[in-house]
Amino acid sequence: MLTNPSGVRSTPCYSHPSYFTFSNRCKLLLSPNCPRFLSSKKSSKFCPLSLLLPRNGVPSNRFAVRALAEPEVSESDAAAADGCGGAGGSCFLQPVSVKIPFGDREILVETGHIGRQASGSVMATDGETIVYTSVCLSDVPSEPSDFFPLSVNYQERFSAAGRTSGGFFKREGRPRDNEVLSYDGLHSPDALAITAAGIAVAISEVPHSKAIAGVRVGLLGDKFVVNPTTKEMEDSTLDLFLAGTDGAILMIEGYCDFLSEEKLLEAVQVGQDAVRDICTSVESLVKKCGKPKMHDAIKLPPPELYRIVEKIAGDELHKVLQIRSKIPRRKAISLLEEKVINTLTDKGYISTEDTPGTVETIQDLLDEEDEDEEIVVDGEVDEGDVHIKPVSRKSTPLFTEVDVKLVFKDVLSKFLRRHIVEGGKRSDGRSPEGIRPITSRCGLLPRAHGSALFTRGETQSLAVVTLGDKQMAQKVDNLANVEEYKRFYLQYSFPPSSVGEVGRMGAPSRREIGHGTLAERALEPVLPTEDEFPYTIRVESTITESNGSSSMASVCGGCLALQDAGVPLKCSIAGIAMGLVLDTEEFGGDGTPLILSDITGAEDASGDMDFKVAGNEDAITAFQMDIKVGGITLPIMKEALLQARNGRRRVLAEMMKCSPPPAKGLSKYAPLIHIMKVAPEKVNIIIGSGGKMVKSIIGETGVEAIDTQDDGIVKITAKDLSSLEKTISIISNLTMVPTVGDIYRNCEIKSIAPYGVFVEIAPGREGLCHISELTSDWLAKAEDAFKVGDHVDVKLIEVNGKGQLRLSRRALLPVPETNPEEPSSKQPTGDTAEVIADSDKASDKSTPKKYATDAKADALAEEKIEQVKDKSSATKLASSPESNSTENTLLPRKKAFKRIRKSSSKAVTGVSGKDVTL
C-alpha cells in the first residue's frame with residue numbers, strides 16, 4: 001500500500017508530550033495542548049504534507065500561528081542550507097531500510113528511496129501491502145490563526161489491487177473507509193498506515209516528543225492476536241484499533257460482539273505492549289536518520305496575556321458558565337470574547353496596578369506628548385480654579401487578535417474545569433455521573449417504515465428506518481475484487497441548523513462518515529440474520545439539535561426506530577459519551593482524575609477525553625476514544641468503562657419509557673418479502689430464457705421484485721398480499737415436482753398435434769395428453785373435439801426418464817353405465833371374441849356411426865373371430881372379482897379391433913389383458 005502526496009500542505013508541530021493523536025480509520029489528529037509555532041521563511045524549505053490518512057472533523061481551535069516581524073534563521077538551518085548548496089552538493093539522506101516488530105511478524109521500513117524532497121518520507125511493507133507516507137512543511141508560515149494548520153490526504157488507489165473502480169467515475173477522490181496503493185488482500189493497511197505516518201513525522205523536522213504507532217487487536221477464541229490478517233479477522237469477535245506512544249494510549253476504536261469491560265481492557269493492554277515495542281524500534285531509527293527538529297520555530301503567546309485576560313473576563317466568565325442553556329451561554333461567551341479582543345487589540349488595556357518595566361506603547365507616547373496639557377471638565381470648574389493633572393498610568397502593549405483568541409479559549413477551559421472540580425457541579429447543574437433528561441417517541445412519521453425522535457438534553461436525533469429487498473442493499477466497491485453488499489447501513493447527517501448556524505450542505509464530511517460507521521457497528525450485533533429477517537435495512541440519523549454526543553444519540557434513536565419498524569432485535573442498545581478532567585489538583589482537587597458521564601459540547605472541547613461507549617446493560621458492542629492530553633493509563637480507562645456501563649443502564653431504562661412506544665410490527669407501508677425454497681435445478685425455469693419468465697411473472701402479478709439464488713432460495717418482494725400470494729402460486733406450480741396420480745384442474749390446451757394435445761398444467765409446464773386419453777370414445781382427430789384455448793381437467797399418469805409428462809383426460813371421466821338386459825351382462829364368462837362382439841353390439845347402439853366406417857378394421861376383426869370359432873375348445877373367461885367388476889364396461893369398436901389384431905394386454909377402460917384370452 002502506498003500513500004500519495006497530492007498537494008496537501010501543513011506547517012510544523014511542536015515539542016510537547018502529545019502533539020499528535022491518531023483516531024478512527026487512520027485519522028491524524030492533533031492534541032489541543034500543542035503550542036504554536038513559527039516557520040521561518042529562510043529556515044524552512046519544505047512543501048506540502050501528505051499523510052494519507054483520513055481527517056475527522058475540524059482541527060482543534062486551541063492553537064495559533066503568527067509570523068515574526070523579522071524571520072530568524074537558526075545556525076543549524078543555515079548550516080543545513082549551506083550543506084545542500086555548492087557544486088554537486090546533495091542534501092538527500094542515504095537510503096535506510098530496517099525491520100521492526102509488528103505483532104507476530106516484522107514489517108520493512110524504508111526511507112530515502114522515495115520522496116526525498118519531502119521533510120520526511122517512509123515506505124512500510126507488510127507482506128505485499130505497501131504504505132507510502134510523506135510529511136512536508138510549507139516554505140512560508142501560514143497566516144495567523146487560532147487553529148492548527150494541518151491537512152491530511154489519504155487517497156484510495158484501486159490499482160493497488162490491480163483493478164479499476166466499477167462505478168461510472170474511474171478516478172479516485174471520494175472519502176472512503178479503506179484506502180491503499182498496494183494491497184495483497186491479506187494484510188490490512190490501516191494499522192500499517194498509522195505506523196508509517198508516525199515514523200515519517202518522527203524523522204522529519206516537525207518538532208514532536210515521542211514516536212507514535214498503531215496496531216489492530218483481534219480475538220480468536222480466547223486468544224488475542226496483534227495485527228491479524230483479514231482471513232483471521234473473519235473469525236474474530238473483536239476488532240480493536242489502538243494508537244499511542246511507548247508509555248500512553250492516545251486513541252482506541254473498535255467493535256465487538258458483546259465483550260465485557262474486563263476483556264476489553266485485556267485487549268487494550270495487549271495492544272499497548274505491541275505499540276511499545278514498535279515505538280522502541282522507531283526511536284532507534286530516528287537516532288540513525290532523523291532530521292534536526294525545528295524547536296526554534298515555536299512561539300507561544302506572551303505569558304502576561306493569560307493574567308490580563310483572566311483579570312478582564314474572570315468575573316463575567318464565572319457568571320456565564322452558570323448559564324445552563326447552550327445558545328444563551330454561547331452568545332454570552334461570544335460577547336465577552338469580543339469585548340476582550342477589542343480591549344486588547346484596538347483600545348489597549350489600562351492597568352490599575354503599577355507594573356514596573358512595562359513596555360511602552362503608542363498610547364504611552366501620546367500620553368507623554370500631552371503631559372503638559374491641563375484637563376478641564378466643562379461645567380465643573382471656573383476660571384482661576386486649579387487645574388488638576390491626572391495621574392500617569394501605564395497601559396499594556398497591544399496584542400494580536402490571534403493571541404487574544406487563543407488565550408481566551410484556554411482561560412475559558414480553565415474556568416470550566418475549575419467550576420466542575422471545585423463546585424462539584426457542571427454548567428447544567430449535573431453531578432459528574434449525571435445524565436441529561438431523556439425523552440423519546442416513536443411513529444412520528446406515519447408513512448415511514450419506522451421512526452423515532454430521541455432527545456437527550458440539547459442533543460436530538462431523528463432516526464428513520466426504511467426496509468427493502470436486495471436491490472436496496474449498498475454495493476461496496478472494495479479492493480478485494482469480491483462483490484459485497486451491505487444489507488444494513490446507517491447514514492449520519494449533521495446539518496448546520498443543528499447548532500443554530502448558517503452553512504452550506506454538501507457531500508458527507510469525514511466526521512459524518514465516521515460517526516455513522518460507529519453507530520452502525522454498534523447496532524449491527526443485535527440485528528437478526530438474513531434468514532430470520534430477509535429485509536435490507538437502512539437507518540438515517542439526522543441530528544436536529546446538537547450539544548455533544550450526537551453519535552451516541554444516533555445509536556439510541558436508531559435502536560428505537562428499528563424496533564418501531566418491526567425489526568426483531570436481540571436486545572436494546574444505548575450509547576453514552578464519557579469525559580475527563582485529568583489534572584484536578586490544579587483546580588483545588590485531590591489530584592484524582594474526574595470522569596464525566598454524558599458530556600456536552602463544551603465539556604468535550606475543554607476536557608481531556610471523549611470516550612464513546614455503546615452496548616447493552618452488561619456488554620459492549622462499539623467504542624471510540626480520543627485523548628487530548630499526553631495519554632491515559634489503563635486504570636483511568638477502567639474507571640471510565642465501569643461508569644459508562646452504569647450510564648448505559650440508566651439510558652436504556654429511559655428508552656423503555658418511550659411514548660408512544662415502538663410498534664414492533666411491520667408497517668402497512670413496508671414491502672412484504674416471502675422466502676421460498678425450490679430445487680436448485682428449477683431456478684432457471686423461474687428465470688426463463690433471457691429473463692422472460694421472471695419478467696412475465698412480475699408483469700402479471702405486479703410484485704416489485706423476484707430474486708433468485710443458485711442454492712434455490714427465491715425472495716419475492718410485493719406491495720400487497722394478493723400479488724404476493726399469486727406469485728407464490730405461479731412459482732410453486734412452475735417449480736413443482738410432478739407425481740403420478742396428481743390431478744390438475746382447468747388447464748389450458750396450448751397446442752394440438754396429430755397424436756394428441758399439449759396441456760399447460762402450470763405456467764411454463766406442459767404435458768402431452770394422447771388422443772387415446774382424451775375421451776372414452778374413439779377420436780379420429782383431436783381437432784374434432786377440442787381446440788387451442790379450451791380448458792380441461794387432466795390426471796398425470798406417467799413421467800418418463802426425460803421428465804416429460806403424460807396426461808389423461810379420460811381417466812377423470814365418469815364410467816358410463818350399461819343396460820343390465822344386454823347379453824354381455826348376463827354371461828360373465830365366454831370367449832374373448834364373444835365378449836368383444838357383445839360389447840360391439842352394445843356399443844353400436846350408443847356410439848356414433850363414424851366408429852363403424854373403418855372397413856379394414858372390420859375385416860381384421862371378422863378374420864380373428866372366425867379363427868376363434870374354429871378352435872375345438874374355446875377358453876372360457878375366468879370368473880373373478882376383477883372380471884366381474886369390468887364385465888359391464890363398453891369398449892369402443894375400434895379399440896376392440898386393435899386389441900385383437902395386436903394381441904395387446906394393456907387395460908383399456910377397465911378391461912385388462914388377463915381378462916381376455918385369445
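Conventions we followed
- Residues numbered from 1 in each chain as written.
- Predicted model: local features only at pLDDT ≥ 70, side-chain atom pairs only at ≥ 80, totals over all residues.
- Heavy atoms only, no water.
- UniProt positions renumbered as here; feature names shortened; annotations may be inferred.
- Core = buried A, V, L, I, M, F, W, Y, C linked by side-chain atoms within 4.5 Å.
- Buried < 20%, exposed > 50% of the residue type's maximum accessible area, 1.4 Å probe, protein only.
- Domains from an automatic or database assignment.
- Contact = heavy atoms within 4.5 Å.
- Pairing = 2+ DSSP bridges.
- Helix = DSSP H or I, 4+ residues; strand = E, 2+ residues; numbered from the N terminus.
- Axes fitted to C-alpha atoms, helices over the stretch in contact; angles between N-to-C directions.
- pLDDT = per-residue confidence, 0-100.
- Polar contact = N/O pair within 3.5 Å; in protein donor to acceptor, adjacent residues only side chain to side chain.
- Parallel < 35°, antiparallel > 145°, perpendicular 65-115°, else oblique.
- Left-handed = near helix turned anticlockwise from the far one by under 90°.
- Expected span 1.5 Å × (residues − 1).
- Salt bridge = Lys/Arg side-chain N within 4 Å of Asp/Glu carboxyl O.

The name given to the protein in an unreviewed UniProt entry is polyribonucleotide nucleotidyltransferase, with the source organism recorded as Durio zibethinus. Quoted verbatim from the Sequence similarities (unreviewed entry) field of the UniProt record, the comment on the protein reads "Belongs to the polyribonucleotide nucleotidyltransferase family."

## Some thoughts on the nonpolar core
Counting residues in each nonpolar core, the largest one holds 113 residues, and the members touching the most others are Ile-252, Ile-537, Phe-611 and Met-637. Here this core spans two domains, since at least three of its residues come from each of domain 1 (96-138 + 151-297) and domain 2 (438-656). In contact with Met-637, not counting residues within four places along its chain, are Ile-249, Ile-252, Leu-265, Val-268, Phe-611, Met-625 and Ile-632. Membership of the second largest hydrophobic core comes to 28 residues, among which are Leu-305, Leu-317, Ile-341 and Ala-577.

## Section: the sheet that holds strand E12 (residues 450-456)
Read across the open sheet, the five strands follow the order E11-E12-E13-E17-E16; overall the sheet is mixed. Of all strands in the sheet, those bounded by a partner on one side alone are strand E11 (438-442) and strand E16 (488-493). Within the sheet, the average angular offset between the axes of one strand and its neighbour, ignoring direction, is 15°. Where E16 lies against strand E17 (residues 536-545), six bridges are found, and the strand directions are parallel. Each bridged residue has a counterpart across the sheet, and for Phe-488 the counterpart in E17 is Ile-537. Of the strands in this sheet, E11, E12, strand E13 (459-468), E16 and E17 touch helix H10 (residues 550-564), which is tilted by about 145° from E12. Against the sheet, helix H12 (residues 634-655) engages E11 and E12, with an angle of about 45° to E11.

## A few points about the confidence of the model for the protein
Confidence in the prediction for the protein averages 75 pLDDT; 69% of positions are at 70 or higher. Note on residues 175-179: pLDDT is under 50 here. Beyond four places in sequence and across chains, it has 19 contacts. Confidence over residues 822-918 falls short of pLDDT 50; this stretch has 102 contacts with residues more than four positions distant or in other chains.

## Focus: the side chain of Asp-790
One can find Asp-790 in the loop between strand E27 (765-770) and strand E28 (791-799). Of the polar contacts made by the side chain of Asp-790, one reaches the backbone nitrogen of Lys-787; its length is 3.0 Å.

## Some thoughts on the sheet that holds strand E19 (residues 594-597)
The sheet built from eight strands is open, its strands ordered E8-E7-E9-E10-E21-E20-E18-E19 with antiparallel pairing. Among the strands making up the open sheet, the edge pair consists of strand E8 (223-226) and E19. Across this sheet, the average inter-strand angle for adjacent strands is 15°, counted without regard to direction. Summarising the sheet, strand E18 (residues 574-581) and E19 pair through four bridges and their orientation is antiparallel. Paired with Val-581 across the two strands is Leu-594, which belongs to E19. Running over the sheet, H10 touches E18 and strand E20 (609-615) and is turned about 160° from E18.

## Section: the packing of helix H5 (residues 303-320) against helix H8 (residues 401-423)
Contact pair H5 / H8: the axes reach a minimum separation of 10 Å and the direction vectors enclose 50°. Here H5 lies oblique to H8, going by the angle between them. H5 and H8 meet at a crossing whose hand is right-handed. Packed against H5, whose contacting residues are Leu-305, Tyr-306, Val-309, Glu-310, Ala-313, Gly-314, Leu-317 and His-318, the element H8 presents Asp-403, Val-404, Val-407, Phe-408, Asp-410, Val-411, Leu-412, Lys-414 and Phe-415 at the interface.

## Observations concerning H12
Its 22 residues place the ends of H12 31 Å apart at the C-alpha level, agreeing with the 32 Å of an ideal helix rising 1.5 Å per residue. For H12, every residue scored as buried is listed here: Leu-634, Ile-636, Met-637, Ala-640, Leu-641, Gln-643, Ala-644, Gly-647, Arg-648, Val-651, Leu-652 and Met-655.

## Examining the environment of Ser-729
Tracing the backbone shows Ser-729 in helix H15 (residues 721-734). Assessed through its relative accessible area of 39%, Ser-729 is described here as partly exposed. Between the C-alpha atoms of Ser-729 and Ala-762, which are 33 residues apart in sequence, the distance is 9.5 Å.

## Describing the pattern of salt bridges
A full pass over the atoms with the stated rule returns 33 salt bridges. Here Arg-648 and Glu-261 are joined by a salt bridge, their closest N and O atoms 3.3 Å apart. Residue Arg-648 is located in helix H12, and its partner Glu-261 is located in helix H4 (residues 261-289); the two are separated by 387 residues in the primary sequence. Summarising the burial analysis for this pair, Arg-648 and Glu-261 share the class buried. Of the charged contacts in the structure, one is a salt bridge between Asp-608 and Arg-417, with a shortest N-O distance of 2.4 Å. Remark: Arg-417 occurs in helix H8 and Asp-608 occurs in the loop between helix H11 (601-606) and E20; sequence separation between them is 191 residues. When sorted by exposure, Asp-608 lands in the same class as Arg-417, which is buried. Residues participating in the shared-partner salt-bridge network are Asp-428, Arg-430, Arg-436, Arg-456 and Asp-598.

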